[in-house]
Amino acid sequence: MSRVREAMVPEPRTLDASAPASEAGQLLARPEVHAVFVSDGDGRLVGVVTRKTLVREVVAPGRSPAETTVGEIAEEPHYTIDSNMDLEAAFHFLEEHDAERVPVVEEGRLVGMLSRELLHRRLAEDDPAPEP
């Protein structure tokens, strides 16, 4: 049986919780980056920072992006999944929660990211369409 760890993107882009919010802003300025995962010194997932987070927590209140750490503003992710979860169960989880991307954890440590697109591709590889 296939597991999430076989379909996830390992080692997603992260920032240490002590990094300034300005670093998150630089990463999020790239069109392909939708969110930045924040972890502590032990690799445990602290939260997620998005453009919306930066505007609400730094820009709107007039805080300094250089002096505000991402650990202070990181939001708890809506969902996480375990790397040992069955791919079929992960598929149903993403569909049920209408989630495009979900952080993958092992004992609280961030080990990867699973996207709906990657999961669809992987499941198609496991179950190819019948030949005409």
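Residues numbered from 1 in each chain as written. Predicted model: local features only at pLDDT ≥ 70, side-chain atom pairs only at ≥ 80, totals over all residues. Heavy atoms only, no water.

> Which residues make up the sheet that holds strand β2 (residues 14-16), and what are the values?
The mixed open sheet is built from three strands, whose spatial order is β2-β3-β4. Strands at the two margins of the open sheet, each flanked by one partner only, are β2 and β4 (45-49). For this sheet, the mean inter-axis angle between neighbouring strands, taken without regard to orientation, is 30°. Of the pairings in the sheet, the one linking strand β3 (residues 36-39) to β4 comprises four bridges and is antiparallel in character. Opposite Phe37, over in β4, you have Val48 as the bridge partner. (Pairing = 2+ DSSP bridges. Helix = DSSP H or I, 4+ residues; strand = E, 2+ residues; numbered from the N terminus. Axes fitted to C-alpha atoms, helices over the stretch in contact; angles between N-to-C directions.)

> Mind laying out the pattern of salt bridges, listing which residues take part and the relevant values?
Following the criterion strictly, the structure yields seven salt bridges and no others. The partner of Glu57 in a salt bridge is Arg56, and the shortest N-O contact between them spans 3.2 Å. For Arg116, the salt bridge is made with Glu100, and the minimal N-O distance between the two is 3.7 Å. A residue pair is termed long-range when its members are at least 10 positions apart, and Arg116 in helix α5 (residues 116-126) and Glu100 in the loop between α4 (87-97) and β6 (101-106) qualify at 16 residues. A relative accessible area of 13% means that Arg116 is categorised as buried. Of the residues examined, Glu100 reaches a relative accessible area of 45% and is grouped as partly exposed. Members of the salt-bridge network, linked through shared partners, are Glu95, Asp98, Glu100 and Arg116. (Salt bridge = Lys/Arg side-chain N within 4 Å of Asp/Glu carboxyl O. Buried < 20%, exposed > 50% of the residue type's maximum accessible area, 1.4 Å probe, protein only.)

> Outline helix α1 (residues 21-28), supporting the account with residue identities and numerical values.
Along α1, the residues classified as buried are Ala21, Ala24, Leu27 and Leu28. Taken around the axis of α1, the buried residues stretch over an arc of 115°, which confines them to a single face. Looking at the buried side of α1, the elements it contacts are β2, β3, β4, α2 (51-59) and α3 (70-73). (Arc of directions from axis to C-beta. Contact = heavy atoms within 4.5 Å.)

> Please give an account of the nonpolar core that cites residues and values.
In this structure, Leu15, Val49, Leu54 and Val70 are the most contacted members of the largest nonpolar core, which totals 16 residues. Counting residues per element, the ones that place at least two in this core are α1, β3, α2 and α3. In terms of residues, this core owes the most to one element, α1, which gives four residues. Excluding residues that lie within four positions of it along the chain, Val49 makes contacts with Ala24, Leu28, Ala35, Val36, Val38, Leu54, Val70, Ile73 and Ala74. (Core = buried A, V, L, I, M, F, W, Y, C linked by side-chain atoms within 4.5 Å.)

> Could you give an account of the packing of α1 against α2, with specific residues and numbers?
Relative orientation of the contacting elements α1 and α2 amounts to 145°, with a least axis distance of 10 Å. Judged by the twist between their axes, the crossing of α1 over α2 is left-handed. Counting all contacts with α1, which are made through Ala21, Ala24, Gly25 and Leu28, the residues of α2 involved are Arg51, Leu54 and Val58. Taken together, the residues of the contact of α1 with α2 break down into five nonpolar, one polar and one charged. (Left-handed = near helix turned anticlockwise from the far one by under 90°. Nonpolar A, V, L, I, M, F, W, Y, C, P; charged D, E, K, R; others polar.)

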